[in-house]
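Descriptive analysis of the structure
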Amino acid sequence: MARPLHVMIDLDALRHNYRLACACAPLSQTLAVVKANAYGHGALACAQALADVAPAFAVASIEEAMVLREGGITQPIVLLEGFFDASELEVISREGLWTAVHSHWQVEALCARHLDPPVPVWVKLDSGMHRLGFEEQGIDAVWQRLQAHSGVGELHLMTHFATADMLDSAYFKRQLASVMAVRERLDAPVCLANSPATLVWPEAHGQWNRPGIMLYGADPLEGNNDMSRRLRPVMTLQSEIIAVREVASGERIGYGGRFVTSRPSRIGVVACGYGDGYDRHAVDGTPVLVDGLRAKVAGKVSMDMMTVDLTDLPQADIGSTVTLWGNGPNGTTLDVNEVAVYCDTISYTLLTGILPRVPRRYYDGHHDPQ
Ligand SMILES: Cc1ncc(COP(=O)(O)O)c(C=O)c1O
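Per chain, residues are indexed from 1 in the order of the written sequence. Per-residue local features of the predicted model are confined to residues with pLDDT of at least 70, and side-chain atom pairs are confined, for both listing and counting, to 80 or more; whole-chain, interface and lining totals are unaffected and use all residues. To get the side-chain values, take all heavy atoms of the structure and skip hydrogens and water.

In this section: helix H3 (residues 43–50). Along H3, the residues that are buried comprise Ala43, Cys46, Ala47, Ala49 and Leu50. Buried residues of H3, seen end-on, are gathered within an arc of 160° and therefore sit on one face of the element. By definition, residues are in contact when any of their heavy atoms lie within 4.5 Å. Think of it this way: any DSSP run of H or I at least four residues long counts as a helix, any run of E at least two long counts as a strand, and we number them from the N terminus. On its buried side, H3 packs onto helix H1 (11–24), strand S3 (32–33), helix H2 (35–40), strand S4 (57–59) and helix H4 (62–70). Only protein chains enter the accessibility calculation, which uses a 1.4 Å probe; a residue whose area is less than 20% of its type maximum is buried, one above 50% is exposed, and one in between is partly exposed. The arc under discussion is defined with respect to the helix axis, by the directions toward the C-beta atoms.

What follows concerns the packing of helix H7 (residues 139–147) against helix H8 (residues 170–186). Fitting a line to C-alpha atoms yields each axis, with helices limited to the stretch in contact; the angle taken between N-to-C directions then spans 0 to 180 degrees. Close contact between H7 and H8 brings their axes to 11 Å; oriented N to C, the two are set at 40°. Viewed along their axes, H7 and H8 adopt a mutual orientation that is oblique. With respect to the hand of their crossing, H7 and H8 are arranged in right-handed fashion. Counting all contacts with H7, which are made through Ile139, Asp140, Trp143 and Gln144, the residues of H8 involved are Val182, Arg185 and Leu186. Each residue is assigned to one of three groups, with Ala, Val, Leu, Ile, Met, Phe, Trp, Tyr, Cys and Pro labelled nonpolar, Asp, Glu, Lys and Arg labelled charged, and all others, Gly among them, labelled polar. Its residues placed into classes, the contact of H7 with H8 shows four nonpolar, one polar and two charged. Roughly parallel refers to an angle under 35 degrees, roughly antiparallel to one over 145, roughly perpendicular to one between 65 and 115, and oblique to any angle outside these ranges. Crossing handedness is defined as follows: a turn of the near helix away from the far one that is anticlockwise and smaller than a right angle gives a left-handed crossing, while the clockwise case is right-handed.

Moving on, we get to the pattern of salt bridges. Pairing is possible between side chains that carry opposite charge, provided their charged atoms lie close to one another. Here, a salt bridge means any Lys or Arg side-chain nitrogen found within 4 Å of an Asp or Glu carboxyl oxygen. Tallied over the entire structure, the rule returns 15 salt bridges. One salt bridge connects Arg263 with Asp312, and the closest N-O pair in it is separated by 3.0 Å. Of the two residues, Arg263 is situated in the loop between strand S13 (259–260) and strand S14 (265–270) and Asp312 in the loop between strand S17 (306–309) and strand S18 (321–327); the sequence distance between them amounts to 49 residues. Residue classification places Arg263 among the partly exposed residues on the basis of a relative accessible area of 29%. Linking Asp304 and Arg357 is a salt bridge whose minimum nitrogen-to-oxygen distance equals 2.7 Å. With Asp304 in the loop between strand S16 (293–297) and S17 and Arg357 in the loop between helix H11 (347–352) and strand S20 (360–363), the pair connects residues that are 53 residues apart, well separated along the chain. Given the relative accessible area of 31%, Asp304 is considered partly exposed.

With that settled, consider the domain arrangement of the protein. By the assigned domains, the protein splits into domain 1 (11–220) and domain 2 (235–363). Counting from both sides, the interface comprises 11 residues of domain 1 and, opposite them, 10 residues of domain 2. Across the domain 1 to domain 2 interface the summed buried area is about 960 Å²; carbon plus sulfur atoms make up 60%. One can count zero salt bridges joining domain 1 with domain 2. The term polar contact refers here to a pair of N or O atoms within 3.5 Å; inside protein, the definition further demands a hydrogen-donor-capable atom paired with an acceptor-capable atom, and it admits residues adjacent in sequence only when both atoms are side-chain atoms. Viewed at the interface, domain 2 and domain 1 are joined by four residue pairs in polar contact (both at pLDDT 80 or more). Elements with a minimum of two residues in the side of domain 1 that touches domain 2: H1 and H2. For the side of domain 1 that touches domain 2, the per-class residue count stands at six nonpolar, three polar and two charged. Segmentation into domains, and thus their bounds, comes from an automatic or database assignment. Two parts lose some accessible area (1.4 Å probe) when they are put together, and adding that loss for both gives the buried area.

Bringing the site of the ligand into the picture now. In this text, near means that some heavy atom of the residue lies within 4 Å of the molecule or strand in question. Lining the immediate environment of the ligand, one finds 13 residues, of which Lys35, Tyr39, Ser195, Arg210 and Tyr348 sit closest. Within the side chain of Ser195, an N or O atom sits 2.5 Å from an oxygen atom of the ligand. At 2.6 Å from an oxygen atom of the ligand is found a side-chain nitrogen or oxygen belonging to Tyr348. Note on areas: these come from Shrake-Rupley sampling with a 1.4 Å probe, and a residue is covered only by the protein chains present in the view. Protein contact buries 89% of the 390 Å² of open area that the ligand shows by itself. Here the shell around the ligand is built from residues that sort into five nonpolar, four polar and four charged.

Our next topic: the nonpolar core. To form a nonpolar core, buried Ala, Val, Leu, Ile, Met, Phe, Trp, Tyr and Cys residues must be joined to one another through side-chain atoms within 4.5 Å. By size, the foremost hydrophobic cluster in this structure holds 116 residues, and its most contacted members are Leu146, Leu237, Tyr278, Leu324 and Trp325. If you count residues domain by domain, this core takes at least three from each of domain 1 (11–220) and domain 2 (235–363). Here Leu146 is in contact with Val107, Leu110, Cys111, Val121, Val123, Val152 and Leu155, once residues within four sequence places are set aside. Counting five residues, the second largest nonpolar core, distinct from the first, contains Val247, Ile253, Ile267 and Ala298.

Moving on to H1. What a helix is expected to span follows from its residue count: subtract one and scale by 1.5 Å. Between the first and last C-alpha of H1 there are 20 Å, a value that for 14 residues agrees with the 20 Å anticipated at 1.5 Å per step. Considered for burial, the residues of H1 that qualify are Leu11, Ala13, Leu14, His16, Asn17, Tyr18, Leu20, Ala21 and Cys24. In this fold, the buried residues of H1 make contact with strand S1 (6–10), strand S2 (29–30), S3, H3, helix H9 (195–200) and S20. For H1, the N-terminal cap is Asp10; the gap from its side-chain oxygen to the backbone nitrogen of Asp12 is 3.0 Å.

Between Asp116 and Pro117 the backbone carries a cis peptide bond, its omega angle lying at 5°. Along the chain, Pro117 turns up in the loop between helix H6 (104–111) and strand S7 (119–124). Of note in this structure, Asn37 is not a glycine but carries a positive phi near 55°. Mapped onto the secondary structure, Asn37 falls in helix H2. Phi is positive for Asn330, which is not a glycine, with a value near 55°. Take Asn330: it is sitting in the loop between S18 and strand S19 (333–334).

Here is the structure:
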């Protein structure tokens, strides 16, 4: 009998969420962002599940792109951070990758070669994120230089929004105005929208959109939007109760004795810890589902285990199913966003944080995760 902790990935939910992203922006092409191992879901498996519907994918590096190529993905793959060294350019050309360009050294490197086939380039504007990209003033010269070079294929303009998830964001509108001004000057096709912009900012939809987190069913707008409420969780992190302790009132549970029982208590031990990627910042009270019913973390998360208060769940026992997030038994769910709040983080870090020792099982929505 194996350790009961595992991750289940619902590929049918992934396809449903992808179709929802397309429905939000029917005039755009929607590429699927599968960087960081598809936000922890397994990049190749996710790309394969979307291969017959997604016209392109996006990753953070050539290494991530090659995982897809070696697994048989033939669509264009966009390198969102571009290349890190000029020596990558031949591979980019040969493998049919598209590259972001955000710095002058990258322009020089591209223009020093005559790549065949030419490499499509997404020129990145810094419209206010102040992370990667060219300033609004200097970008026309970059565009024209690249446009004139035979080793460069079709050009797109891209930018990234800092606050698209804030529904009344003046800063978002400032960034949008900046990129729209450049788009008009250059008459450029654009790719601007991440998940929240795909969901709620139609004015930011371009020739391409590039949603990530929404594909995995974590709502970047936390239920504030009709479309995003229809997202389905893709990842379920599931384990079991492996021991139950009866503990008197006033006893301390786990490292540092952080949780102190206020009544005679039943404490369940769950096979899941920070050595699996579960966030050690989870406070007492962080929700879990035990056989589909809510229970609370009680005590600090340790490397391989965590403790939950089962006092109000007398039927829970060794072998009870524990859902850390995702789909529980009998149609129950625990939103990863809710867990993230208790860990003072966001769904992105919880999903990408699950470590390789946790086995991933893929299914297509017809299988009851129980
Ligand atoms: C450049 C870029 N585009 C798109 C995305 C996808 O964003 P989201 O997961 O919020 O949809 C990211 C995510 O970090 C990104 O860095």
